[in-house]
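# Coordinates in review
Chain by chain, the residues:
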Amino acid sequence: MDILLQQIINGLVLGSMYALIALGYTMVYGIINLINFAHGEVMMVGALTSWTIIGLMQESMPGTPGPVILVIALVIACVVAATLNFVIEKVAYRPLRNSPKLAPLITAIGMSTLLQTLAMIIWKPTYKSYPTLLPSTPIEIGGALISPTQVMILGFTAVSLAVLMWLVNYTKLGRAMRATAENPRVAGLMGVKPDFVISATFIIGAVLAAIAGVMYASNYGTAQHAMGFLPGLKAFTAAVFGGIGNLAGAVVGAILLGLIESIGAGYIGELTGGVLGSNYSDIFAFIVLIAMLTLRPSGLLGERVADRA
Amino acid sequence: MKQQQKVILFFIAALGLLILPLLLQSFGNAWVRIADMALLYVLLSLGLNIVVGYAGLLDLGYIAFFAIGAYTFGLLASPQLTDAFPAIAAMFPNGLHTPLWVVIPLAAGTAGLLGVLLGAPTLRLRGDYLAIVTLGFGEIIRVFMNNMDQPFNITNGPKGISQIDSFHFFGLDMGKKLVIGNFELASVSMYYYLFLALVVFSVVICHRLQLSRVGRAWMAIREDEIAAKAMGINTRNLKLLAFGMGATFGGVSGAMFASFQGFISPESFSLMESAILVAMVVLGGVGHLPGVILGAVLLSALPEVLRYIAGPLQEFTGGRLDASILRQLLIALAMIAVMLLRPRGLWPSPEHGKTLLNAKS
């Protein structure tokens, strides 16, 4: 029972990080129908930027309390990631908006490789230990342990999601975004500037990814140039799982995926009599995805799309 | 006159390709290796082109079939299995050296079968959903190769399989250099000719396929699946056939790769490799054979060549830009730049490809 509860907590934490990344994927896909492969790398840049900032601040201002440093690093990471994603869209995706569908996908893959390589050059390809800035004594809930970092992750995710939902559902920008996702041309005729909306979407996605990156690095205590790839992939899986283009779907899909992964990894050893170990946890995401898409190709909350006319 | 020019050009090209390894050999075997790898990539790209270019099914996990071919050969022609299982060692007292004529069809068959198996559940999916499922499939295969050293050591996990046999043809061992009189042919050069023969054979197959009933049906599916269905094309079987054929190419190249390298590990079959393969196909011109070949050669050989020239640059940047990083950087920049400047690829096909040209948003 304790183990189950522990795995559920871990799964929620993992799922909420996936959710932050998945939202960026799903928003971009909803608007321009592009799998932004570089999204995981934006998360990585966020994490590594915050690592640099934390290092600098700890050196120059030794007395500053941990949470303050973390928040400042987080804000700077968000700004850097947002700028980066804005530039990426402008340089690599915008010129290709009306090209063959494969072209932007290839630039996205190229961008992903490019960012990883640049990160290797700037930050060197080593694992960096990410400092623990919050108290490390875990809190006990019904026999399971949850660290302050994990509490912070859940809190930050909840707040980010609330802000995002407000932004999308109750602001003028949000309405413009929804309209563009529905039909860019008609939205344009109604006075929405698609370019502006798309840029805004990339910026919002990058901010969420940067938050996820900082959370991910503090949770695992490490950061390096390739850290964004697998979480990015799984987050995209989560977005597809929930029905791509659907914000609530991305969150539900991500949380479920986190839970499946963590509970699966906890029990696979017992279930298979030790033949498969927890090192297979990475494939859960993909098996779930394949099963899901075979049974319900539009995802959990996705609309059923008729074959194109 | 035009025809005559074509024939002359063809002969010059053929002669050039035949002499190439002999020229490169004098500069060192490393250069021939680059050419070998380029040919292998051409082979892989040709296979992927059947799936992506002809049938229009975006496959981001193609490297899995390459891995399956490589592991099939690696397991059946190396001491791995006999070392791990005494029972097998007892069955083959001289070590497990399955002959080429058994392993290669087996590798092709296994990969092809898996291609069909993967294709079956994904038939209903289209576009990006298909891409992500195939990507997941590739990752699943890699995770299995990485972890199947426990509880039974089948794949030797991340350490990989080493001491894989080189090819033997009628008493000719391709692992050793061939000496005829005072003329020496290095092992890598022999592999070059083998790969070249395979590539030529594959190009002929692909070309014939493209013009055949099957090829035209694939393109019809690519352009508009519903219309193709309405015209009486059996879309299910043809899609499965495309997956199977593409995978077979992957399996054969995998077996070649395992024998050529003598060593395989899951690291060679990462997702990035799949992505680079798709990039090769798209960069050159999806669905167009000369384009695909060009893309594969450019993306595989050019970064390697530049890597040799880049020594001074490395010193200049204080070792931060080492060779592998530089290669990756160049691939990434090439992918972005070519797509931005020529979204249809460097050498696109002159006709067809309407869906790929202006996909509706």
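Structure: above.
Because the structure is predicted, anything quoted here is derived from the model rather than measured.

Okay, the overall build of chain B next. Across its full length, chain B carries 16 helices and 4 strands. Seen along its three principal axes, the alpha-carbon backbone of chain B occupies a region of about 60 × 50 × 50 Å. Counting over 361 residues, chain B shows a buried share of 47%. Across chain B, contacts joining residues at least 24 apart in sequence account for 75% of those joining residues at least 6 apart.

Within chain A, the secondary structure is distributed over 11 helices and 4 strands. Its C-alpha radius of gyration of 20 Å places chain A within 12% of the 19 Å reference for a compact globule of 309 residues. C-alpha atoms of chain A, sized along the principal axes, occupy 55 × 50 × 35 Å. Of all 309 residues assigned to chain A, the portion counted as buried reaches 51%. In chain A, 77% of the contacts between residues at least 6 apart in sequence involve partners at least 24 apart.

What follows concerns the interface of chain B and chain A. Taken together, the contacts link 40 residues of chain B with 39 residues of chain A. Elements with a contribution of two residues or more to the side of chain B that touches chain A: α7 (127-147), α12 (271-284), α15 (323-341) and α16 (354-357) of chain B. When residues in the side of chain B that touches chain A are grouped by element, the largest group, 10 residues, is from α15 of chain B. Class assignment for the residues of the side of chain B that touches chain A results in 29 nonpolar, 6 polar and 5 charged.

Turning our eyes to something else, we now look at helix α6 (residues 172-182) of chain A. Helical geometry: 3.6 residues make up each α-helical turn, so side chains three or four residues apart lie on a common side. Residue and element names in this part refer to chain A. Among the residues of α6, those classed as buried are A176, M177 and T180. Each buried residue of α6 sits inside an arc of 100 degrees when the element is viewed along its axis, so together they form one side. Packing partners of the buried residues in α6 comprise α1 (2-32), α5 (148-170), α7 (184-189) and α8 (194-220).

Residues and elements named next belong to chain B. Spanning 27 residues, helix α11 (residues 235-261) covers 39 Å between terminal C-alpha atoms, matching the ideal 39 Å at 1.5 Å per step. Taken across its 27 residues, α11 has 24 buried, putting it largely inside the fold. Phi turns positive, to about 75 degrees, at G262, one or two residues after α11.

Rules used throughout
- Residues numbered from 1 in each chain as written.
- Chains lettered and ligands numbered in written order.
- Predicted model: local features only at pLDDT ≥ 70, side-chain atom pairs only at ≥ 80, totals over all residues.
- Helix = DSSP H or I, 4+ residues; strand = E, 2+ residues; numbered from the N terminus.
- Buried ≥ 20, exposed ≤ 12 C-beta atoms within 10 Å, placed from the backbone.
- Contact = placed C-beta atoms within 7 Å.
- Rg over C-alpha atoms; globule rule 2.2 N^0.38 Å.
- Nonpolar A, V, L, I, M, F, W, Y, C, P; charged D, E, K, R; others polar.
- Arc of directions from axis to C-beta.
- Expected span 1.5 Å × (residues − 1).

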